[in-house]
Amino acid sequence: MTTPRQRQFLFAQVGWILGGIALLATLGALTLEYVFVVGFVGLVLVTALTAPVHATVRWRTRLRWPLLLGGLAFTVLVVLRTVEKVIGSL
């Protein structure tokens, strides 16, 4: 059973991703990498902005693994793009 806070979190995340996809499609830059980056940035922002100040909610501790894995994938993407730019400029 979901709580109202969980539904708010989910709706905010899905809204962020759908808005990002719509914006990327409008700009003609809709790629899987950009969708991942927009979704990951949205996850980080929604998690940070909806975090309770004085309590630890058990369901939010499960967000640790998606955040860590997403951060790792984001870092790999940044490193790959940086290496491509450096090698391409030589």
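One structure accompanies this document, and this report is about it. Just so it is clear, the structure is predicted and the values come from calculations on it, not from any experiment.

**Some details on the overall build of the protein**
Part 1 of the argument: Counting its secondary structure elements, the protein contains 4 helices and 0 strands.
Part 2 of the argument: Listed by position from the N terminus, the elements making up the protein come as α-α-α-α.
Part 3 of the argument: A total of 90 residues make up the protein; the buried ones form 17% of that total.
Part 4 of the argument: Across the protein, the fraction of contacts at a sequence separation of at least 24, relative to all contacts at a separation of at least 6, is 65%.
Part 5 of the argument: Approximately 7,000 Å² of the protein is accessible, and the part contributed by carbon and sulfur atoms is 74%.

**What to know about the packing of helix H1 (residues 4-27) against helix H2 (residues 32-49)**
Part 1 of the argument: Here H1 crosses H2 at 150 degrees, and the two axes come no closer than 9 Å. Note on packing geometry: the crossing formed by H1 with H2 is right-handed. Judged by residue contacts, Phe9, Ala12, Gln13, Trp16, Ile17, Gly20, Ile21 and Leu24 of H1 engage Tyr34, Val35, Val38, Gly39, Val41, Gly42, Leu43, Leu45, Val46 and Thr47 from H2.
Part 2 of the argument: Class assignment of the residues belonging to the contact of H1 with H2 gives a composition of 13 nonpolar, 5 polar and no charged.

**A few points about the packing of aromatic side chains**
Here a ring pair, both rings aromatic, is described through the centre-centre distance and the interplanar angle of the planes.
Part 1 of the argument: With the rule as written, the count across this model stands at 3 aromatic pairs.
Part 2 of the argument: Taking the centre distance of 5.5 Å and the plane angle of 70 degrees together, the rings of Phe9 and Trp59 count as edge-to-face. With a gap of 50 residues between them, Phe9 in helix H1 and Trp59 in helix H3 (residues 58-61) connect regions that are remote in the sequence.
Part 3 of the argument: Judged by its relative accessible area of 9%, Phe9 falls in the buried class.
Part 4 of the argument: Three or more aromatic residues joined by ring pairs form one cluster here, namely Phe36, Phe40 and Phe74.
Part 5 of the argument: The ring of Trp59 is capped by Arg60, whose NZ or CZ atom sits 5.4 Å from the centre of that ring.

**Some words on the nonpolar core**
Part 1 of the argument: Within the largest apolar cluster, 5 residues are counted, these being Phe9, Leu43, Val46, Trp59 and Leu63.
Part 2 of the argument: In this view, Trp59 contacts Thr3, Arg5, Gln6 and Phe9; residues no more than four positions away in its chain are not counted.

**Focus on the side chain of Thr47**
Part 1 of the argument: For Thr47, the location among the structural elements is in helix H2.
Part 2 of the argument: A relative accessible area of 13% places Thr47 in the buried class.
Part 3 of the argument: Leaving out residues up to four positions away in the same chain, Thr47 has contacts with Phe9, Arg60, Leu63 and Leu67.

**Some points on the pattern of salt bridges**
Part 1 of the argument: Under the definition given, this model contains 2 salt bridges.
Part 2 of the argument: For Glu33, the salt bridge is made with Arg81, and the minimal N-O distance between the two is 2.1 Å. Of this pair, Glu33 sits in helix H2 while Arg81 sits in helix H4 (residues 64-89), and the two are 48 residues apart along the sequence.
Part 3 of the argument: Judged by its relative accessible area of 30%, Glu33 is partly exposed.
Part 4 of the argument: Arg81 sits in the partly exposed class, given a relative accessible area of 34%.
Part 5 of the argument: Here Glu84 makes a salt bridge to Arg81, at a shortest N to O gap of 2.6 Å. Of the two residues, Glu84 and Arg81 both sit in helix H4, 3 residues apart, roughly one turn of that helix.
Part 6 of the argument: By sharing partners, the salt bridges in this structure join Glu33, Arg81 and Glu84 into a single network.

Conventions adopted
Residues numbered from 1 in each chain as written. Predicted model: local features only at pLDDT ≥ 70, side-chain atom pairs only at ≥ 80, totals over all residues. Heavy atoms only, no water. Helix = DSSP H or I, 4+ residues; strand = E, 2+ residues; numbered from the N terminus. Buried < 20%, exposed > 50% of the residue type's maximum accessible area, 1.4 Å probe, protein only. Contact = heavy atoms within 4.5 Å. Areas by Shrake-Rupley, 256 points an atom, 1.4 Å probe, with all protein chains shown as cover. Axes fitted to C-alpha atoms, helices over the stretch in contact; angles between N-to-C directions. Left-handed = near helix turned anticlockwise from the far one by under 90°. Nonpolar A, V, L, I, M, F, W, Y, C, P; charged D, E, K, R; others polar. Phe/Tyr/Trp six-rings, centres within 6.5 Å; stacked < 30°, edge-to-face > 60°. Lys NZ or Arg CZ within 6 Å of the ring centre and 35° of its normal. Core = buried A, V, L, I, M, F, W, Y, C linked by side-chain atoms within 4.5 Å. Salt bridge = Lys/Arg side-chain N within 4 Å of Asp/Glu carboxyl O.

Purely geometric stuff here, so don't read any function into it on its own.
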